[in-house]
Amino acid sequence: MLTRRELISAYRDGLLEDTVPFWFPRSVDREHGGFLHCFDRDGTLVDTDKSVWAQGRMSWMLLTLYNTVEKRAEWLDWGEHGLAFLERHCVDADGRLFFHVERDGRPIRKRRYAFSESFAAIAHAAHARATGSDASAARAVDLFDRFTQWNFTPGLMPAKYTDTRPAIGLAPRLITIATAQELRANLGPDARFTAWIDRCLDDMTRLFLKPDLGAVMETVGLNGQILDHFDGRTLNPGHAIEAAWFVMHEGRVRGDASLVRRGCDMLDWMWERGWDEEHGGLYYFRDLHGRPVQEYWHDMKFWWPHDEAIIATLLACETTGDEKYRRWHQLVHTWSHRHFADPQHGEWFGYLHRDGSVSSTLKGNLWKSFFHHPRMQWYCWQLLEPPEVYT
């Protein structure tokens with residue numbers, strides 16, 4: 001097994017000497033603003049379109065490194081560069097954000113659901129901490145309020161389906177928790193952040209956690225009932241494991257052992273359902289009852305669930321001391337670094353076949369940017385090497 005010192009080195013050096021240099025400064029678009037992020041294996045630019053998610057996420061990651069690792073002027077400059085593009089080009093007339101824009105910021109797509117707002121909110125909060133800007137702090141709270149209003153006000157968001165089979169999803173709850181945690185960490189305690197975290201923890205527990213089935217559901221009926229159809233039965237182990245570490249993190253911050261246990265239960269259930277015992281790695285989708293899954297990429301191995309599982313297993317191990325989580329962490333760490341990592345050009349490939357072979361050489365696209373992977377490396381490094389600077 002890797003030692004603690006070896007793990008610290010893997011996460012710290014992987015972040016600072018491999019991941020950051022792959023993305024920067026090549027991502028910085030000095031001509032049009034913001035970040036380019038659609039890169040091939042060697043960093044060749046393959047598309048100039050910009051994800052609004054990526055503009056917020058990448059700004060947040062850079063500013064978080066500035067706040068917690070080292071006050072490098074370029075990290076602050078690049079983070080502010082991304083935020084400026086966000087505010088100048090990515091906000092629609094109604095105050096909501098777009099999802100996909102041209103290189104020069106002309107809008108291409110605006111989605112019915114609001115997650116761009118959450119990623120912009122955390123970026124502004126990190127900027128407020130970095131600079132002391134009251135305007136950035138206020139903007140972070142405003143974006144968070146827009147995000148929660150849009151996602152949780154009945155009837156406000158346009159319906160995706162008819163009312164024949166009403167359903168609700170896990171995603172808004174876990175993103176609300178993570179966003180409120182970031183705003184609290186960077187802006188300080190606030191009753192509204194706590195209230196939203198409590199509400200979403202309660203929703204997750206009452207509606208989406210199924211102890212009798214050993215599952216965390218992605219989609220349920222309005223009262224938490226199982227919808228026995230393809231969409232209703234589809235589980236996403238990586239997403240649920242990401243939610244699990246958000247819950248565990250909250251338990252550590254509050255000193256609440258019951259929350260830590262809840263997060264560990266979520267991890268336990270979805271690891272058992274998601275880990276591929278034959279080839280290793282996490283399946284992308286599974287069926288609640290072990291039936292065939294409709295989505296044809298169900299058995300592929302995507303980068304981000306493995307980043308989330310590395311965090312979750314390490315957090316569970318560090319918090320509980322349970323040797324099981326140490327074994328799981330070593331297993332997912334080793335498998336992921338063996339198959340996703342590119343020793344020639346740096347960073348991780350995003351998409352593997354079930355057997356761990358590379359499906360696409362893309363290192364970045366509208367979904368993959370400088371976020372899940374560096375967040376994993378940063379969080380695990382901070383967790384392993386005291387003092388913990390991130391609470």
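Structure: see above.
Quick caveat, the model's predicted, so the values are computed rather than measured.

Undergrad: Any chance you could explain the overall build of the chain here in plain terms?
TA: A tally of regular secondary structure across the chain gives 13 helices and 14 strands. On C-alpha atoms alone, the chain measures out to a radius of gyration of 20 Å, which is about the 21 Å that the 2.2 N^0.38 rule sets for 391 residues. By residue count, 58% of the 391 residues in the chain fall in the buried class. Across the chain, the fraction of contacts at a sequence separation of at least 24, relative to all contacts at a separation of at least 6, is 65%.

Undergrad: Help me understand the nonpolar core in this model?
TA: Soluble, globular proteins show a tendency: their nonpolar side chains are buried together. Counting residues in each nonpolar core, the largest one holds 123 residues, and the members touching the most others are Tyr 11, Phe 24, Met 248, Leu 267 and Phe 370. Setting aside chain neighbours within four positions, we find Tyr 11 in contact with Ile 310, Leu 314, His 329, His 333, His 337, Met 376, Gln 377, Cys 380, Trp 381 and Leu 384.

Undergrad: What is the right way to look at the packing of helix H4 (residues 116–131) against helix H5 (residues 134–152) in this model?
TA: Two numbers describe a pair of packed helices, the interaxial angle and the distance between the axes. At a closest axis distance of 8 Å, the pairing of H4 and H5 adopts a crossing angle of 160 degrees. By the angle between their axes, H4 is roughly antiparallel relative to H5. Relative to H5, H4 is oriented so that their crossing is left-handed. Between H4, through Glu 117, Ser 118, Ala 120, Ala 121, His 124, Ala 125, His 127 and Ala 128, and H5, the contact on the second element is made entirely by Ser 136, Ala 137, Arg 139, Ala 140, Leu 143, Phe 144 and Phe 147.

Undergrad: Would you explain the side chain of His 333 in this entry?
TA: Mapped onto the elements of the fold, His 333 is located in helix H12 (residues 323–339). Among the polar contacts listed, one links the side chain of His 333 to the side chain of Tyr 11, at a separation of 2.8 Å. Setting aside anything within four residues of it in sequence, one finds His 333 in contact with Leu 2, Leu 7, Ala 10, Tyr 11 and Ile 310.

Undergrad: Teacher, can you tell me more about the sheet that holds strand S12 (residues 301–302) here?
TA: Note on sheets: strands pair through backbone hydrogen bonds, and any given pair is parallel or antiparallel. Pairing in this open sheet of three strands is antiparallel, and the strands run S12-S13-S14 from one edge to the other. Here the strands that pair on one side only, and so sit at the sheet edges, are S12 and strand S14 (358–360). Where S12 meets strand S13 (residues 351–352), two bridges bridge the pair, whose relative direction is antiparallel. When the bridges of S13 are listed, Phe 302 appears paired with Tyr 351.

Undergrad: Help me understand H12, please; the structure alone is not making it clear to me.
TA: A turn of α-helix holds 3.6 residues, and therefore any two residues three or four places apart point the same way. Compared with an ideal rise of 1.5 Å per residue, which puts 17 residues at 24 Å, H12 spans 25 Å between its outermost C-alpha atoms and is within 8% of the ideal. Taken residue by residue, H12 has Tyr 325, Trp 328, His 329, Gln 330, Val 332, His 333, Trp 335 and Ser 336 as its buried positions.

Undergrad: Quick question: what am I supposed to make of the packing of aromatic side chains here?
TA: Two aromatic rings are characterised by how far apart their centres lie and by the angle between their planes. Using the criterion set out here, one finds 33 aromatic pairs in the structure. Taking the centre distance of 5.7 Å and the plane angle of 65 degrees together, the rings of Trp 23 and Phe 39 count as edge-to-face. A residue pair is termed long-range when its members are at least 10 positions apart, and Trp 23 in helix H1 (residues 4–23) and Phe 39 in strand S1 (residues 38–39) qualify at 16 residues. Since its relative accessible area comes to 2%, Phe 39 is described here as buried. In this arrangement the basic side chain of Arg 26 is found over the ring face of Phe 22, its NZ or CZ atom lying 4.9 Å from the centre.

Scoring rules and cut-offs
- Residues numbered from 1 in each chain as written.
- Predicted model: local features only at pLDDT ≥ 70, side-chain atom pairs only at ≥ 80, totals over all residues.
- Heavy atoms only, no water.
- Helix = DSSP H or I, 4+ residues; strand = E, 2+ residues; numbered from the N terminus.
- Rg over C-alpha atoms; globule rule 2.2 N^0.38 Å.
- Buried < 20%, exposed > 50% of the residue type's maximum accessible area, 1.4 Å probe, protein only.
- Contact = heavy atoms within 4.5 Å.
- Core = buried A, V, L, I, M, F, W, Y, C linked by side-chain atoms within 4.5 Å.
- Axes fitted to C-alpha atoms, helices over the stretch in contact; angles between N-to-C directions.
- Parallel < 35°, antiparallel > 145°, perpendicular 65-115°, else oblique.
- Left-handed = near helix turned anticlockwise from the far one by under 90°.
- Polar contact = N/O pair within 3.5 Å; in protein donor to acceptor, adjacent residues only side chain to side chain.
- Pairing = 2+ DSSP bridges.
- Expected span 1.5 Å × (residues − 1).
- Phe/Tyr/Trp six-rings, centres within 6.5 Å; stacked < 30°, edge-to-face > 60°.
- Lys NZ or Arg CZ within 6 Å of the ring centre and 35° of its normal.

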